[in-house]
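These are the residues of each chain, in order.
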Amino acid sequence: MRIWIVAAAAAAAVTSVVAASYVSLIAVASVTAVLILVAAIGWPHVLGVPAKKSQSTVIALSALAATAAAFIAPGTDYMRWMPIAAALGLGGIFLIQLFRGTGQSHRLESILGAGVGVFLVCLASGWVAADQLTVNAGNTGMMLVTGISVVIALAASLLPWPDRIVAPLGTALAATAGPLGAMLFTDVPALAAGILGAVAGAVVVCARRLLLAREAPVSVPAALAIGVAPILVIGSLVYFLGKLLTA
């Protein structure tokens, strides 16, 4: 049942971002902010570490700062400030463990796991950056192609088959769905859509593997975070690949 919750969260996340891209940049930023909060709240539950509220706060603030910077950035280098926001967030994680004092449990796990969470969630700013690319003007082509590919990969991930089958199948289907969606609904080049679809599909099937390999119980906040986190990561991939492949 947990994989259904995770898949539903991921599908809702990518659908909401793509739908928001047809409304306005403010709508994309708003949806991204909500997804950031969901991931930030649930990430410490994924790790199973103490000081959940403080670590969630640091993850959320750093990612929201990165997203705000992408929203207001002048010029075309929209993710210029994302590494700085992530670095500040990592510093905040270290401070939390410092204030907890010596001898506290799971300090190393908290630093490593929450640090990864800061970086992953900060990548959500890529959705706001990607929505401002020229290729996404008008019909938000790359955003739509990504959404189609991700949904197809999520559907493949629900198959009750071994990873050695689902992983290449999900990636291949996503890589195929990208060009088909591009030809039917957008003017995005088929090659660019195929590469982006393959990369997005690979992220989804990798997240599936991590979920199935987890032995600890998955709470609802953790399941939502696991579902949303890969979608946030894909946002930056859309931005960078969009700049690289459609410049």
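From a predicted model like this one, the values you see are computed outputs, not experimental measurements. (Residues numbered from 1 in each chain as written. Predicted model: local features only at pLDDT ≥ 70, side-chain atom pairs only at ≥ 80, totals over all residues. Heavy atoms only, no water.)

**Q** Would you explain the pattern of salt bridges in this entry?
**A** Side-chain pairs of opposite charge can arise where the charged atoms are in close proximity. Evaluated as defined, the whole model comprises 3 salt bridges. Residue Arg-208 pairs with Asp-163 through a salt bridge whose shortest N-O separation is 2.3 Å. Of this pair, Arg-208 sits in helix α9 (residues 190–213) while Asp-163 sits in helix α8 (residues 163–185), and the two are 45 residues apart along the sequence. Assigned by exposure class, Arg-208 and Asp-163 land together as buried. Between Asp-163 and Arg-209 there is a salt bridge, and its shortest N-O distance comes to 2.8 Å. Placement of Asp-163 in helix α8 and of Arg-209 in helix α9 is noted, with a sequence separation of 46 residues between them. By relative accessible area, Arg-209 is classed as partly exposed at 44%. One salt-bridge network, held together by shared partners, links Asp-163, Arg-208 and Arg-209. (Salt bridge = Lys/Arg side-chain N within 4 Å of Asp/Glu carboxyl O. Helix = DSSP H or I, 4+ residues; strand = E, 2+ residues; numbered from the N terminus. Buried < 20%, exposed > 50% of the residue type's maximum accessible area, 1.4 Å probe, protein only.)

**Q** Is there a simple way to explain the packing of helix α7 (residues 141–157) against α9 in this structure?
**A** Helix packing for two helices is described by the angle between their axes and how far apart those axes are. Look at α7 against α9: their axes get within 8 Å of each other, and the N-to-C directions meet at 40 degrees. In this structure, α7 meets α9 at a crossing whose hand is right-handed. Across the interface between the two elements, Met-142, Val-145, Thr-146, Ser-149, Val-150, Ala-153, Leu-154 and Ser-157 of α7 pack against Ala-193, Leu-196, Gly-197, Ala-200, Gly-201, Val-204, Val-205 and Arg-208 of α9. Grouping the amino acids of the contact of α7 with α9 by side-chain chemistry returns 10 nonpolar, 5 polar and 1 charged. (Axes fitted to C-alpha atoms, helices over the stretch in contact; angles between N-to-C directions. Left-handed = near helix turned anticlockwise from the far one by under 90°. Contact = heavy atoms within 4.5 Å. Nonpolar A, V, L, I, M, F, W, Y, C, P; charged D, E, K, R; others polar.)

**Q** Explain α8 here, please?
**A** Three or four residues apart is the spacing at which side chains of an α-helix point the same way, because the helix has 3.6 residues per turn. Between the first and last C-alpha of α8 there are 31 Å, a value that for 23 residues agrees with the 33 Å anticipated at 1.5 Å per step. Looking only at α8, the buried set comprises Asp-163, Val-166, Gly-170, Ala-174, Ala-177, Gly-178, Pro-179, Gly-181 and Ala-182. The inward-facing, buried residues of α8 abut α7 and α9. (Expected span 1.5 Å × (residues − 1).)

**Q** I keep staring at the packing of helix α1 (residues 2–21) against helix α10 (residues 220–246) and nothing clicks. Help me out?
**A** Closest axis-to-axis distance for the α1/α10 pair is 7 Å, and the angle between their directions is 40 degrees. Comparing the axis directions of α1 and α10 gives the class oblique. In the packing of α1 onto α10, the handedness of the crossing is right-handed. Every residue of α10 that contacts α1 at Ile-5, Val-6, Ala-9, Ala-10, Ala-13 and Val-14 is listed here: Ala-223, Leu-224, Ile-226, Gly-227, Val-228 and Ile-231. In the contact of α1 with α10, the residues fall into 11 nonpolar, 1 polar and no charged. (Parallel < 35°, antiparallel > 145°, perpendicular 65-115°, else oblique.)

**Q** Sorry, what's going on with the environment of Pro-230 here?
**A** If you trace the backbone, Pro-230 turns up in helix α10. The spacing of Pro-230 and Ala-39 is 191 residues in sequence and 9.9 Å in space, taken between C-alpha atoms. When neighbours within four sequence positions are excluded, Pro-230 is seen to be in contact with Val-203 and Ala-207.

**Q** Please clarify how the side chain of Arg-208 should be interpreted in this entry.
**A** With a relative accessible area of 6%, Arg-208 lands in the buried category. Looking at Arg-208, its side chain comes within polar contact range of the main-chain oxygen of Trp-161, at 3.1 Å. A distance of 2.3 Å separates polar atoms of two side chains, one belonging to Arg-208 and the other to Asp-163. The contact partners of Arg-208, leaving out residues within four places of it in the chain, are Ile-3, Ser-157, Leu-159, Trp-161, Asp-163 and Val-166. (Polar contact = N/O pair within 3.5 Å; in protein donor to acceptor, adjacent residues only side chain to side chain.)

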